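Breakdown of the fold
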Amino acid sequence: MKAGLVAEPAPVKRPTPPGAGNRGSSASNGSSVSDRGVAVTSTHFIRSRIGKICVAITGSSPAEMLGNAEQIVRENHFVEFRLDYLANPVAALPKLKQFLYERSEVTAIGTCRRAATGGKFKGTIAAELEILEKAAQAGCHLVDVELQTAEHLKPAQLRKLREQGAALIVSWHDFEATRDLDAIFERIKPFQPEFVKIVSTAKTLSDNVTMMRFLDRRRDEANLIGISMGDQGTISRVLGLRAGSVFTFASAHAGKETGPGQIEARTLRETWRIDQIDASTKVYGVAGNPVRHSLSPLMQNMAFRRETVNAVFLPLQTTRMNDLLTLTREVPLHGLAITMPFKSEIIRHLEKTDALSEKIGACNTVVRAQDGKLYGFNTDVAAIVRPLERRLPLNRARILVLGAGGAGRAAAFGLAEKGAEVVIWNRTPETAKKLARQAKAKTIRREQIAKTSFDVILNATPIGMRGNKATSLLEPKELNTRLVFDLVYNPIDTPLIRMAREKGLPVVTGVEMFVHQGARQFEIWTGKPAPEEEMLRVVVHALRQEKDKS
Ligand code: NAP
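**A short note on the site of the ligand**
As a structural note, the neighbourhood of the ligand is formed by 21 residues, with A407, N426, R427, T428 and L487 the closest of them. Taking G406, its main chain carries an N or O atom lying 2.9 Å from an oxygen atom of the ligand. One nitrogen or oxygen atom from the main chain of F514 is found 3.4 Å from an oxygen atom belonging to the ligand. Among the secondary structure elements, those contributing two or more residues to the shell around the ligand are α15 (406-417) and α18 (510-526). With four residues, α18 is the largest single contributor of residues to the shell around the ligand.

**Focus: the sheet that holds strand β3 (residues 53-57)**
Taken in spatial order, the eight strands make up an open sheet running β9-β8-β7-β6-β5-β4-β3-β10, and their pairing is parallel. For this open sheet the edge positions go to β9 (224-229) and β10 (248-251), each flanked by a neighbour on one side alone. Ignoring which end each strand starts from, the neighbouring axes of this sheet average 25° apart. Examined bridge by bridge, β3 and strand β4 (residues 78-82) share three bridges and lie parallel to one another. Bridge assignment links V55 to a residue of β4, and that residue is V79. Across the sheet, helix α7 (residues 181-188) touches β7 (167-173), β8 (195-201) and β9, and the angle it forms with β8 is around 150°.

**Here we look at the environment of P462**
Among the structural elements, P462 can be located in the loop between β20 (454-459) and β21 (481-486). Residue classification places P462 among the partly exposed positions, given a relative accessible area of 44%. Separated by 62 residues in the primary sequence, P462 and L400 have C-alpha atoms spaced 16 Å apart. If we ignore the near neighbours within four places in the chain, the residues touching P462 are N468 and V488.

**Digging into helix α17 (residues 495-502)**
Within α17, the full set of buried residues consists of L496, I497, M499 and A500. Buried positions in α17, seen along its axis, are confined to an arc of 160° and lie on one side of it. Where α17 is buried, its residues touch β20, β21 and β22 (507-508). Downstream of α17 by one or two residues, G504 has phi in the positive range, about 80°.

**Some thoughts on the environment of R218**
Its location among the elements puts R218 in helix α8 (residues 206-218). With relative accessibility at 9%, the residue R218 sits in the buried group. Sequence separation between R218 and S245 is 27 residues; the distance between their C-alpha atoms is 10.0 Å. Sequence-distant contacts of R218, defined by excluding residues within four places in its chain, comprise D182, F185, E186, K189 and L224. Within polar-contact distance, the side chain of R218 engages the side chain of D182 at 2.6 Å.

Conventions and cut-offs
Residues numbered from 1 in each chain as written. Predicted model: local features only at pLDDT ≥ 70, side-chain atom pairs only at ≥ 80, totals over all residues. Heavy atoms only, no water. Near = heavy atom within 4 Å. Polar contact = N/O pair within 3.5 Å; in protein donor to acceptor, adjacent residues only side chain to side chain. Helix = DSSP H or I, 4+ residues; strand = E, 2+ residues; numbered from the N terminus. Pairing = 2+ DSSP bridges. Axes fitted to C-alpha atoms, helices over the stretch in contact; angles between N-to-C directions. Contact = heavy atoms within 4.5 Å. Buried < 20%, exposed > 50% of the residue type's maximum accessible area, 1.4 Å probe, protein only. Arc of directions from axis to C-beta.

In structure tokens form, the structure reads like this:
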């Protein structure tokens, strides 16, 4: 039997109307009286009402909080009222009672977390307890008590809280690490709450594995909610449900997060489709640093949805190869989009790579084959060569490649292989020389560029990228070329692209490359043709929105 499953479901009644006193032990709202004489809203009743996402509602005043709730419950009937965000939480409770009475479809958690345990409430434990009792009387179906508070309370105090009829969540938040999960669980268990909530902080990708293993191990002992916070905890927020978390928490909107790394409810539902994730959902991700703002998850998840592939694509932020390899093995991941700084390093961890990746020494796509082994491909090269091939014959075309990093190498090898005369300029001349030797290309000095004419000038440096301080590498007089290709894709109209347009030159933007390389990855992973036009549409839309915001 699960810990805290103290009562079986009772007949479901509507909450008492405002002004009609509390629910006491009247078995309303799915409550029943346990063998300990305590009235609780039954776990079954709650589980039958809630979805997989609980949206945290905040507000600086009762009116703002209820206004926010009003909007959210149109899409999501399960919400948490963060009463600790209010200067005077008690003042909000009559309005909250009215709200819950009028919306019987809503299931609500009342939370008033103290500052000492990561919340905003500055009052005492006694004051917190009083607010939670009143929240239960106002119709909240669950109340959240931190373990530290529960351990501080006398049994009679906790019993009195439970007599208000709401189910109990005993929660633990660790803002520093993912550790001691079983020990915390054992400390919570004696309180026999209806729900056990354990929230840790992921410092590595592997911390998600620790959290999901814990959920899987203890899921039959309690109604568990397990999440790892932070940028690296996204995996637990998306995959935790299938590991055993009863539900997960989400923010109402971007910027309204109540915990580090919390994801907007709509994104969890529409981009990550967490309602549809099951045991057979294949997991993919973009791995590297930074990937927080990568558009690959948006683009690939949209493609999976469009082509009805049971798969999900996650951002995998890490600087450590071992961490990535552990996650890949343990989840297990079915494919990876590899980005900086792993494109070269990943190769030696793969069973085999295609000839191109080996030659360039960079791999941006990993797939787990039927045999369970990992194989590598490079889709960057085709994503540079194809857009150019569509516009001009590459054989003997004179192409200036600016940069000799991963993208510069892909360009130099790919274009030289097509018969182009590749000329490389790089900030560090030695790197340019080395690449020129390997790819059978030439190098050029900075001052020669203005005096030389090219068929294509291709930028493979981060200059022009959003957030990059330098705005331009070349001056207008140095654009002696028939075409300009900027691999930078955010923003779409980079300073280089704008400069080329002002000179009346045709351009290829980095978005075309980005979508092309992603479409080929999708095909490698799924064996299906990629919905390339849709992928382009969603990426361009996201970039325009980002531009409008800035
Ligand atoms: P990388 O391996 O880190 O190489 C960066 C290159 O840029 C190096 O050659 C570096 O020169 C040069 N560089 C960096 N800062 C510079 C500066 N301030 N002035 C002059 N040169 C500078 O990165 P990467 O993977 O090749 O990516 C390069 C850019 O290509 C990315 O920033 C991204 O915008 C773009 N990209 C786009 C796509 C796409 O799908 N559209 C795909 C991949 C890359 P040193 O050798 O002197 O350090």
